[in-house]
Amino acid sequence: MTITRTAPVRTVAPVTGTGKRRVSRGRLGLHAFLMTVSLAFLAPLLLAIYASLRPYEETAQYGYFSLPRHLSFDYYAQAFNDSGIGKYFINSLIIAVPGVLLTLFLASFVAFCVTRLRMRGGLVLLMVFTAGNLLPQQVIVTPLYVLFTKINLPYWMSDSMTMYDSYWAVLAVQVAFQVGFCVFVLANFMRTLPEEIVEAARVDGAGVWTQYWNITLPLCRPALAALATLQFTWMYNDFLWALVFISDGEKLPITSALNNLRGQFFTDYNLLAAGSVIVALPTVLVFLLLQRHFIAGLTLGASKG
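Draft legend 1. Expanded view of a nonpolar patch on the surface. On the surface, Leu39, Leu42, Leu45, Leu46 and Ile49 cluster together into a nonpolar patch covering about 430 Å² of accessible area. Relative to the helices and strands, Ile49 resides in helix α1 (residues 18-52).

Draft legend 2. Expanded view of the layout of surface pockets. Within this model, the largest pocket holds a volume of roughly 250 Å³. In terms of lining residues, the largest pocket is bounded by Val37, Ser38, Phe41, Leu42, Leu45, Thr233, Asn237, Ala280, Thr283 and Val284. Put simply, the parts of the chain that give the lining of the largest pocket at least two residues each are α1 and α12 (269-289). If you tally residues by element for the lining of the largest pocket, the top one is α1, at five residues. Of the pockets and cavities examined, the second largest pocket occupies roughly 160 Å³. Lining the second largest pocket are Val97, Val100, Leu101, Leu104, Ala228, Thr229, Phe232, Val286 and Leu290. Of all elements in the fold, only α4 (85-116) and α10 (221-236) reach the threshold of two or more residues within the lining of the second largest pocket. In terms of residues, the lining of the second largest pocket owes the most to one element, α4, which gives four residues. Counted by class, the lining of the second largest pocket contains eight nonpolar, one polar and no charged residues.

Draft legend 3. Seen up close, the nonpolar core. Ranked by size, the top nonpolar core spans 65 residues in total, and within it Leu104, Phe148, Val170, Val173, Leu186, Trp241 and Phe245 carry the most contacts. If one sorts the elements of this core by residue count, helix α7 (residues 167-190) sits on top with 13 residues.

Draft legend 4. Main features of the packing of helix α3 (residues 74-83) against α12. Taken N-terminus to C-terminus, the directions of α3 and α12 make an angle of 75 degrees; their axes are 8 Å apart at the nearest point. When the axis of α3 is compared with that of α12, the two are roughly perpendicular. Taken together, the residues of α12 that come into contact with α3 (itself represented by Tyr75, Tyr76, Gln78, Ala79 and Phe80) are Asn270, Leu271, Ala274, Gly275, Val277 and Ile278. A per-class count over the contact of α3 with α12 returns eight nonpolar, three polar and no charged.

Draft legend 5. Region of interest: the pattern of salt bridges. On inspection of all chains with the given rule, the structure shows four salt bridges. For the salt bridge of Lys87 with Glu250, the shortest nitrogen-to-oxygen distance reads 3.0 Å. You can see Lys87 sitting in helix α4 and its partner Glu250 sitting in the loop between α11 (240-245) and α12, a full 163 residues away along the chain. The exposure class assigned to Lys87 is partly exposed, which follows from its relative accessible area of 37%. In this structure Glu250 comes out as partly exposed when scored by relative accessible area, which is 47%.

Draft legend 6. Spatial organisation of the side chain of Asn270. Within the secondary structure, Asn270 is located in helix α12. Classification of Asn270 by relative accessible area gives buried; the value is 0%. When neighbours within four sequence positions are excluded, Asn270 is seen to be in contact with Ala51, Ser52, Arg54, Pro55, Tyr56, Thr59, Tyr64 and Tyr75.

Draft legend 7. Here's a closer look at the packing of α4 against α7. The interhelical angle for the contact between α4 and α7, taken along N-to-C directions, is 35 degrees, at an axis separation of 7 Å. Here α4 and α7 pass one another in a crossing that is right-handed. For the contact of α4 with α7, a count of residues per class yields 20 nonpolar, six polar and one charged.

Draft legend 8. Here's a closer look at the confidence of the model for the protein. Looking at the protein as a whole, the pLDDT averages 85, with 88% of positions reaching at least 70. Low pLDDT, under 50, characterises residues 301-305; the predicted model gives this stretch zero contacts beyond four residues in sequence or across chains.

Reading the values: the criteria
- Position labels on residues start from 1 in each chain and follow its written sequence.
- With pLDDT at 70 or above as the cut-off, local features in this predicted model cover only qualifying residues; side-chain atom pairs require 80 or more to be listed or tallied, and sums for whole chains, interfaces and linings still use all residues.
- Each side-chain value is derived from all of the structure's non-hydrogen atoms; neither hydrogens nor water enter the calculation.
- What makes a patch is a set of residues exposed beyond 30% relative accessible area and free of salt bridges, joined within 9 Å when like-charged and within 5 Å when nonpolar (Val, Leu, Ile, Met, Phe, Trp, Tyr).
- Using a 1.4 Å probe, accessible areas were evaluated by the Shrake-Rupley method; residue-level cover was limited to the displayed protein chains.
- In the sections that follow, a salt bridge refers to a side-chain nitrogen of Lys or Arg positioned within 4 Å of a carboxyl oxygen of Asp or Glu.
- Numbering goes from the N terminus for both helices and strands, where a helix is a DSSP run of H or I of at least four residues and a strand is a run of E of at least two.
- The definitions used throughout rest on a 1 Å grid laid over the protein atoms alone, on which a cavity is an enclosed set of points accommodating a 1.4 Å probe that cannot get out and a pocket is an open set flanked by protein within 12 Å on both sides along at least five of seven lines; lining residues are those having an atom within 4 Å of a point.
- Grid points are joined across faces, edges and corners, and a volume is the space filled by probe spheres set on the points.
- Classes in brief: Ala, Val, Leu, Ile, Met, Phe, Trp, Tyr, Cys and Pro nonpolar; Asp, Glu, Lys and Arg charged; the others, Gly included, polar.
- Put simply, buried Ala, Val, Leu, Ile, Met, Phe, Trp, Tyr and Cys residues joined by side-chain atoms within 4.5 Å make one nonpolar core.
- Accessible area is worked out with a 1.4 Å probe on protein chains only. A residue is then buried under 20% of its type maximum, exposed over 50%, and partly exposed in between.
- Angles here are taken between N-to-C directions and fall from 0 to 180 degrees, while the axes themselves are lines fitted to C-alpha atoms, restricted in helices to the stretch in contact.
- Roughly parallel means an angle under 35 degrees; roughly antiparallel, over 145; roughly perpendicular, 65 to 115; everything else is oblique.
- Every residue pair with non-hydrogen atoms within 4.5 Å of one another is taken to be in contact.
- Handedness of a crossing follows from how the near helix is turned relative to the far one, being left-handed for an anticlockwise turn of less than a right angle and right-handed for a clockwise one.
- Across the chain, each position has a pLDDT score giving the predictor's confidence in that residue, from 0 to 100.

Laid out in structure tokens, this is it:
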């Protein structure tokens, strides 16, 4: 007698597609939210570009949110010629480029010492650098002003023979305030790097400088690129420190050039908008050049593997 076993019949619930609709609705809502937030942040820039292409008489008559009757790039040429942006742009580069390079070098070296050399008090040192970011910059404006007027420099470094009224004062303040933030970011990133790489280099006889320059820094390229983008934007757009520590108008950075577009009795805000767009172009260019590394630095640790 043969016994035949039959497998139990499983009932499968019909797929109604509700899950797909929920996913689609959720994703659609997410994209709508992100687009709304993006437009909210881009609205001032888009309005400035739109106003810079229109004559002031037109916006005065019809309003800034009216449809355009005439568009041109005349304001951009006028803003570039009247404000002397080219000269002030060089001044900003003299401060921003060395400031970014020096900040990243010092911050990466401190982060390497704290995370890789197992030095005593490394955690306390990291906390000190991090706590420096909590100090409001405006609190020490007066002490720094008095200090820089008393620090003497040779004539080939400063026309005033002191740190006051020189690029060195602005550069020193920028580096001092930005190093703490960069140390915090780089130290946390270096902790995610495999320890075996540095240990293998030590076994092969690599010194501290080789471990830092040839092994650790290349692995930190995404984080360094992200920090370079942020630091250049902050130093390039700074206006406070240059206004406090520089009295010679020929040494002021590009942010002060916009003040030359303001009239004594009347200000053409469309012309001022064109100048603002010109001033913002270098930071946009830096972001586009470092975009791939910047996004990689922001998404580090978002996924495993």
